[in-house]
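# Survey of secondary and tertiary structure
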Amino acid sequence: MLDCAIIGGGPAGLTAGLYATRGGLKNVTMFEMGMPGGQITSSSEIENYPGFFEHGKTGMDFMDTWQEQCFHFGLKHEMKKVDRVSKIDNHFIITLESGEEVKAKTAIVCTGSTPRRAGLKGEDELFGRGVSTCATCDGFFYKNKPVAVLGGGDTALEEAHYLSNICSEVNLIHRRDSFRASPSTVERVKKIPNINLITNTVVEEILGDTMGVTGIKLKNIKTDEISELEVPGIFVFVGHNVNNDVLKNEDGSFICEVNEQGQVVVDLNMRTSVDGLFVAGDIRIDAPKQVVSAAGDGAVSALQVISYIQEQV
Ligand code: FAD
Ligand code: NAP
């Protein structure tokens with residue numbers, strides 16, 4: 001039986017693996033269905049991780065040494081997809097996609113989240129080359145330039161506000177004329193002079209060339225008028241999907257407490273409502289959705305696993 005099964009090998013899972021193995025646990029396996037590294041490996045540059053400030057290094061370069069460090073201390077990696085985590089008696093069953101079952105004393109689920117795509121023409125092709133889902137990460141690349149933001153929820157409006165401090169102009173495009181975001185946020189954003197609210201409008205296509213995004217084609221759904229906006233970047237904020245499927249029972253209910261968005265409810269020690277089950281990173285409630293915080297959660301959860309196992313003896 002494993003001391004700890006870690007599901008997901010992004011910043012949270014890798015850090016959990018590092019702390020668990022360096023903390024003395026002998027039998028720790030990280031199940032990561034792809035190459036370890038997580039979402040950040042799709043980023044063209046990372047410049048907000050403290051201590052790492054090498055211009056031009058990609059997210060892939062950045063994560064490269066993390067796995068090497070973990071494996072050095074004894075973390076095992078199985079490149080397998082987990083279908084389900086369940087608890088029977090006092091231990092966990094990790095059911096893999098292949099049907100194989102692995103037993104573990106504890107589990108840390110770090111399966112992250114996936115920013116939703118809007119399904120626009122050109123969106124996938126230009127993702128990472130002008131199409132972004134992270135203003136904190138990529139906003140600076142558009143310093144003193146105009147950008148577009150898509151969405152009418154709290155994330156879109158809050159991120160538009162963040163971008164308005166960096167970019168010359170923020171064109172917020174929303175398909176309706178009322179916003180899903182909280183009224184106070186809407187009022188705040190309306191007062192910002194360099195944010196243009198373009199409502200009742202959809203993006204028909206993201207335009208680009210080999211260098212990246214050059215603009216967007218818009219359609220006003222009330223008048224059917226088509227227009228083009230020249231921008232080098234578009235931020236898509238149409239919601240996030242938390243990767244929580246592994247925590248579902250066969251009937252679709254969750255094995256632990258989650259909120260309305262499917263984010264797992266945890267305390268400050270990353271403990272879920274199920275004894276011995278921890279989560280870390282983007283999957284948890286109130287996650288700042290940053291590498292540094294995901295790594296912090298991973299460390300906290302692994303330290304808690306060590307204490308939990310010690311208390312069981
Ligand atoms: P993730 O990174 O999402 O990792 C989860 C891992 O779990 C994935 O590798 C996935 O393959 C695996 N997994 C999922 N389900 C299963 C399963 N069933 N079985 C096995 N494995 C599974 N943050 C910053 O701090 N700075 C930045 O500059 C920055 N730039 C970004 C740029 C982009 C384009 C994106 C998309 C995000 C960026 N972020 C940035 C956000 C940051 O990447 C995330 O907050 C962080 O990666 C979350 O870490 P995590 O470990 O919780 O989850
Ligand atoms: P969200 O509330 O689901 O909003 C998504 C927005 O994107 C909506 O305005 C939606 O339009 C639009 N949209 C969805 N699919 C689209 C598509 N294909 N094309 C164009 N537009 C599309 O997501 P979110 O803003 O990420 O927020 C998620 C949750 O976190 C919410 O509960 C939110 O309140 C919360 N949150 C809270 C705070 C805060 O409290 N400070 C901050 C951020 C997020 P419609 O409105 O027309 O459906």
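Residues numbered from 1 in each chain as written. Chains lettered and ligands numbered in written order. Predicted model: local features only at pLDDT ≥ 70, side-chain atom pairs only at ≥ 80, totals over all residues. Heavy atoms only, no water.

## Digging into the packing of aromatic side chains
- Counted under the stated rule, the structure contains 7 aromatic pairs.
- Relative to Y308, the ring of F278 lies with its centre 6.4 Å away and its plane at 80 degrees, an arrangement referred to as edge-to-face. Of this pair, F278 sits in strand β17 (residues 277–279) while Y308 sits in helix α6 (residues 291–312); the two residues are 30 residues apart in sequence, bridging distant segments of the chain. Just as F278 is buried, Y308 falls in that class too.
- An aromatic cluster is present here, built from Y49, F52, F62 and W66 joined pairwise through their rings. (Phe/Tyr/Trp six-rings, centres within 6.5 Å; stacked < 30°, edge-to-face > 60°. Helix = DSSP H or I, 4+ residues; strand = E, 2+ residues; numbered from the N terminus. Buried < 20%, exposed > 50% of the residue type's maximum accessible area, 1.4 Å probe, protein only.)

## Section: the domain arrangement of the protein chain
- Here the protein chain is described as being made up of domain 1 (2–115 + 240–312) and domain 2 (131–236).
- Between domain 1 and domain 2, the C-alpha centre-to-centre distance is 33 Å.
- Contact with domain 1, which involves 5 residues of that partner, is made by 6 residues of domain 2.
- Roughly 510 Å² of surface becomes buried between domain 1 and domain 2 when both sides are summed, with 52% attributable to carbon and sulfur atoms.
- Inspection of the region where domain 1 meets domain 2 yields 0 salt bridges.
- Summed over the shared surface of domain 1 and domain 2, the result is 0 residue pairs in polar contact (both at pLDDT 80 or more).
- For the side of domain 1 that touches domain 2, the residue count by class is 1 nonpolar, 2 polar and 2 charged. (Domains from an automatic or database assignment. Contact = heavy atoms within 4.5 Å. Buried area = accessible area lost by both parts, 1.4 Å probe. Salt bridge = Lys/Arg side-chain N within 4 Å of Asp/Glu carboxyl O. Polar contact = N/O pair within 3.5 Å; in protein donor to acceptor, adjacent residues only side chain to side chain. Nonpolar A, V, L, I, M, F, W, Y, C, P; charged D, E, K, R; others polar.)

## A closer look at the site of ligand 1
- Among the 31 residues in the neighbourhood of ligand 1, the closest are listed as E32, Q39, N48, C137 and V291.
- Within the contact set of ligand 1, a nitrogen atom lies 3.2 Å away from a backbone nitrogen or oxygen of M33.
- Take V291: an N or O atom from its main chain is 2.8 Å from an oxygen atom of ligand 1.
- If ligand 1 stood free it would expose 1000 Å²; the protein chains cover 93% of that surface.
- Elements with a minimum of two residues in the shell around ligand 1: α1 (11–22) and α6.
- A per-class count over the shell around ligand 1 returns 12 nonpolar, 13 polar and 6 charged. (Near = heavy atom within 4 Å. Areas by Shrake-Rupley, 256 points an atom, 1.4 Å probe, with all protein chains shown as cover.)

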